[in-house]
Amino acid sequence: MSRFLVTGAAGFIGSNFVRHLLTTTDARVTVLDKLTYAGDRRTLDGLPDDRLTFVHGDICDAEVVDRLVAASDVVVHFAAESHNDNSLSEPWPFVETNIVGTYTLLEAVRRYDTRYHHISTDEVFGDLELDDPERFSEDTPYNPSSPYSSTKAGSDLLVRAWVRSFGVRATISNCSNNYGPFQHVEKFIPRQITNVLDGGRPKLYGQGRNVRDWIHVEDHSSAVLRIAERGEIGATYLIGADGEQNNRDVVELVLELMGRPRDAYDLVTDRAGHDLRYAIDSTRLRTELGWQPRFADFRAGLADTIDWYRANEGWWRGQKAATEAKYAAVGQA
Ligand code: NAD
Ligand code: DAU
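The paragraphs below set out a description of the structure included in this document. The shown structure was predicted, so the numbers you read here are calculated from the model rather than taken from an experiment.

In the region of ligand 1, 28 residues are neighbours, and Ile 13, Asp 33, Ser 82, Tyr 148 and Lys 152 sit closest. Ser 82 places a polar side-chain atom, nitrogen or oxygen, 2.7 Å from an oxygen atom of ligand 1. Within the side chain of Tyr 148, a nitrogen or oxygen atom sits 2.6 Å from an oxygen atom of ligand 1. Relative to its free-state accessible area of 840 Å², ligand 1 is covered by the protein chains to the extent of 97%. When residues in the shell around ligand 1 are grouped by element, the largest group, three residues, is from strand S5 (residues 115–121). Taken together, the residues of the shell around ligand 1 sort by class into 12 nonpolar, 12 polar and four charged.

As a further point, take the site of ligand 2. Near ligand 2 there are 25 residues, and of these Thr 121, Asp 122, Tyr 148, Arg 271 and His 274 occur at the shortest range. Glu 123 places a side-chain nitrogen or oxygen 2.8 Å from an oxygen atom of ligand 2. Arg 271 places a polar side-chain atom, nitrogen or oxygen, 2.6 Å from an oxygen atom of ligand 2. Taken by itself ligand 2 offers 690 Å² of open surface, and the protein chains cover 95% of this. The set of elements that each furnish at least two residues to the shell around ligand 2 consists of helix H6 (188–197) and strand S8 (203–205). Residues that form the shell around ligand 2 fall into these classes: seven nonpolar, 10 polar and eight charged.

Further remarks concern the packing of aromatic side chains. For any two aromatic rings, the description comes down to two numbers: the centre-to-centre distance and the angle of the planes. Under the counting rule described, the total for this entry stands at 14 aromatic pairs. Here the aromatic rings of Trp 162 and Phe 166 are separated by 5.3 Å at their centres, their planes lie at 70 degrees, and the arrangement is edge-to-face. Note that Trp 162 and Phe 166 are positioned in helix H5 (residues 147–166) at a spacing of four residues, about one turn of the helix. Between the aromatic rings of Tyr 179 and Trp 214, the centroid separation amounts to 6.4 Å while the plane-to-plane angle is 80 degrees, which identifies the pairing as edge-to-face. Of the two residues, Tyr 179 sits in strand S7 (residues 178–179) while Trp 214 sits in the loop between strand S9 (211–213) and strand S10 (215–216), which places them 35 residues apart along the sequence. In this structure Trp 214 comes out as buried when scored by relative accessible area, which is 5%. Each member of the aromatic cluster is reached from another via a ring pair, and the members are Phe 125, Phe 136, Tyr 142 and Tyr 278. Lying over the aromatic face of Tyr 37, Lys 326 brings its terminal NZ or CZ to 4.8 Å of the ring centre.

With 30 residues, the main nonpolar core has Phe 4, Val 6, Val 18, Val 29 and Ile 239 as its most contacted residues. Listed in part, the 23 residues of the second largest apolar core include Val 196, Val 250, Leu 253 and Ile 306.

Where charged atoms from two side chains of opposite charge come close, those side chains can pair. A complete count under the given rule lists 23 salt bridges for this structure. For the salt bridge of Arg 111 with Asp 66, the shortest nitrogen-to-oxygen distance reads 2.8 Å. Placement of Arg 111 in helix H4 (residues 92–112) and of Asp 66 in helix H2 (residues 62–70) is noted, with a sequence separation of 45 residues between them. Salt-bridge contacts for Arg 271 lead to Asp 85; the nearest nitrogen and oxygen are separated by 2.8 Å.

Moving on to H5. Between its terminal C-alpha atoms H5 stretches 28 Å, which fits the 28 Å expected from 20 residues at 1.5 Å a residue. Burial in H5 covers these residues: Tyr 148, Ser 149, Thr 151, Lys 152, Ala 153, Ser 155, Asp 156, Val 159 and Trp 162. Elements that come into contact with the buried residues of H5 comprise helix H3 (84–89), H4, S5 and strand S6 (170–175). Among the residues of H5, the N-terminal cap falls to Ser 146, whose side-chain oxygen and the backbone nitrogen of Tyr 148 are separated by 3.2 Å.

Rules behind the numbers
- Residues numbered from 1 in each chain as written.
- Chains lettered and ligands numbered in written order.
- Predicted model: local features only at pLDDT ≥ 70, side-chain atom pairs only at ≥ 80, totals over all residues.
- Heavy atoms only, no water.
- Near = heavy atom within 4 Å.
- Polar contact = N/O pair within 3.5 Å; in protein donor to acceptor, adjacent residues only side chain to side chain.
- Areas by Shrake-Rupley, 256 points an atom, 1.4 Å probe, with all protein chains shown as cover.
- Helix = DSSP H or I, 4+ residues; strand = E, 2+ residues; numbered from the N terminus.
- Nonpolar A, V, L, I, M, F, W, Y, C, P; charged D, E, K, R; others polar.
- Phe/Tyr/Trp six-rings, centres within 6.5 Å; stacked < 30°, edge-to-face > 60°.
- Buried < 20%, exposed > 50% of the residue type's maximum accessible area, 1.4 Å probe, protein only.
- Lys NZ or Arg CZ within 6 Å of the ring centre and 35° of its normal.
- Core = buried A, V, L, I, M, F, W, Y, C linked by side-chain atoms within 4.5 Å.
- Salt bridge = Lys/Arg side-chain N within 4 Å of Asp/Glu carboxyl O.
- Expected span 1.5 Å × (residues − 1).
- Contact = heavy atoms within 4.5 Å.

Any functional reading would require information that these geometric values do not contain.
Now the structure itself:
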């Protein structure tokens, strides 16, 4: 039975991964999470207590990280400052958590020779033109645009250096935009769903023509587990489910599924430096590790996600007003 240390699992993707891990394997899991504004202990409610331990702490705290890594067989590192808009208004927490935090974990896994999987993003590659026939692959050069994506790129490069210089047994994955249950209301899809549930209107940045490559969080979880179990040490895998959509189409679909007119949205101030398009080629993951997405029907996944937010107002309500106040302060509400 493996002992997993999962960082950042009071957040969106980490919590979904821990749920996937506990329901599909007999692993024991320790979660390390700082419970920032983006973390919520309740997100892990209902999971088997006998195989799950929660530790409230910071990945930059070398002592706590050392103690937890020493007692683990595998580390899966999700913890991060994850929201681009926040990184534009206050970059320092991104540098601290994403770079210093990753460094702290790498030094610990190096000491104990612990298997380490590093969660990263397709944003490290920069963006693509709308009509570019190429998609991001493992060979695409890094070219990040925002404080968020540059700190994620920096953390990926630390991992590569620790593999090459110190023989750390690490893998990296770069995934596209996730959606599904337990995503913070600051993010695009939950923001629009909860705006509509509140009787308000979706808010589209710029003209809404930016494209994101959507993947259901459950598919991200199954891919990460596959890589943590079978990935080649030192390798990078791109995770994506061929889900390109422009933001306007997504908002129109949210409105349609929620019984509103498809044009009942507002255009608001664009994001500074807004990446135009992301698109993932996940051939390596599919051919070498045999992974396939199982939730590729975006319309059905979005309808389920809307139902989840409708049924779980108690989970998101406490964050909604403060999140909208932040957007209002920068002309995006
Ligand atoms: P999130 O913001 O929902 O959750 C982040 C979690 O990390 C929170 O629980 C927070 O409390 C915790 N955390 C933050 N700083 C910490 C620290 N210093 N020490 C310990 N815990 C800390 O993020 P998410 O959307 O679930 O993203 C998780 C990971 O996946 C990130 O590494 C992100 O870069 C990556 N990723 C996200 C997406 C996406 O679409 N959301 C896509 C690809 C990759
Ligand atoms: O590509 C992976 C990345 O996806 C992850 O690394 C990040 O952690 C994650 O936050 C996400 O980044 P994005 O910036 O793409 O996600 P966000 O949900 O903030 O925005 C998605 C798109 O929607 C983007 O083009 C901006 C736009 N947008 C966003 C909000 C919040 C709007 O048009 N209106 C909005 O209100």
